[in-house]
Amino acid sequence: MLDLILEDTRERMDKSIDALKNDLSTVRTGRANPTMLNSVQVNYWGSMTPLNQVAGISVSEGRQLVVKPYDKNSLKDIERAIFEANLGLTPQNDGTLIRINVPALTEETRRNYVKQAKKFAEDSKVAMRNIRRSANNELEKAGLTEDEVKIGKEDIQDLTNDYIKKIDALLKEKENDLMTV
């Protein structure tokens, strides 16, 4: 029973780490990256569709993204969706594709992005603590002996500590990316 609870806890914590990685990928680092546009939803034939499903996104130069729609009729909708996503990016439509120049980050902007990354990391740590609490509750309800419950809680705490270290490492890596000019 203890092994099942630990395995379930590990899986839930892995999902939380994946969510953090996804959140951190949306934070700009001053370099063009197609994942910057992951949150953009395009009104495509009446339904909201992720941008990467209606267009190919690539990096043409270090600081320029190129969005090439699969359907040329959707070019205006894509341009509007990028503009309305409030990413701080200005799309430039040349009739066949959209170019997006990613501006260099100022020191103040970098610090704001670091704050945003720290918030994502803190939210992830809160999620880890909630997962730990849930696992401890499952242990207590599992009908195990006191010693087994105590050992299980120690194992869950060790697991939680390991995942908190992973979160700190991801944050430090993102912080270094942001502060590197």
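It should be emphasised that the depicted structure is a prediction, and the values quoted were computed from it without experimental measurement.

Thresholds, definitions, all that
Residues numbered from 1 in each chain as written. Predicted model: local features only at pLDDT ≥ 70, side-chain atom pairs only at ≥ 80, totals over all residues. Heavy atoms only, no water. Helix = DSSP H or I, 4+ residues; strand = E, 2+ residues; numbered from the N terminus. Contact = heavy atoms within 4.5 Å. Pairing = 2+ DSSP bridges. Axes fitted to C-alpha atoms, helices over the stretch in contact; angles between N-to-C directions. Buried < 20%, exposed > 50% of the residue type's maximum accessible area, 1.4 Å probe, protein only. Expected span 1.5 Å × (residues − 1). Arc of directions from axis to C-beta.

(A) Fine view of the environment of D77. Tracing the sequence through the fold places D77 in helix α3 (residues 75–84). Through-space distance from the C-alpha of D77 to that of W45 is 9.6 Å; in sequence the pair is 32 residues apart. Excluding its chain neighbours within four sequence positions, the residues that come into contact with D77 are V42 and N43.

(B) Spatial organisation of the sheet that holds strand β6 (residues 98–101). Read across the open sheet, the four strands follow the order β3-β4-β6-β5; overall the sheet is antiparallel. Both outer strands of the open sheet, β3 (55–61) and β5 (91–93), are each paired with one neighbouring strand and no more. Neighbouring strand axes in the sheet, compared pairwise and without regard to direction, differ in orientation by 25° on average. In this structure, strand β4 (residues 64–69) lies alongside β6, joined through four bridges in antiparallel fashion. The residue of β6 that forms the bridge with V67 is I98. Packing of α3 onto the sheet brings it into contact with β3, β4, β5 and β6, and relative to β5 it is tilted by some 165°.

(C) Structural context of the environment of D23. Locating D23 in the fold gives a position in helix α1 (residues 2–25). By relative accessible area, which is 30% here, D23 ends up partly exposed. When the C-alpha atoms of D23 and Q53 are compared, they prove to be 20 Å apart, with 30 residues separating the residues in sequence.

(D) Seen up close, helix α4 (residues 107–141). For α4, built from 35 residues, the straight-helix expectation of 51 Å at 1.5 Å per residue is met to within 8% by its first-to-last C-alpha distance of 51 Å. G143 lies just past α4 and shows a positive phi near 75°.

(E) Here's a closer look at α3. Every buried residue of α3 is accounted for by L75, I78, A81 and I82. Down the axis of α3, the sector holding all buried residues measures 130°, keeping them to one side. Seen from the buried face of α3, the exposed residues on the opposite side, beyond 90 degrees, are K76, F83 and E84. Looking at the buried side of α3, the elements it contacts are β1 (41–44), α2 (51–54), β3, β4, β5 and β6. Downstream of α3 by a residue or two, N86 has a phi angle that is positive, lying close to 55°.

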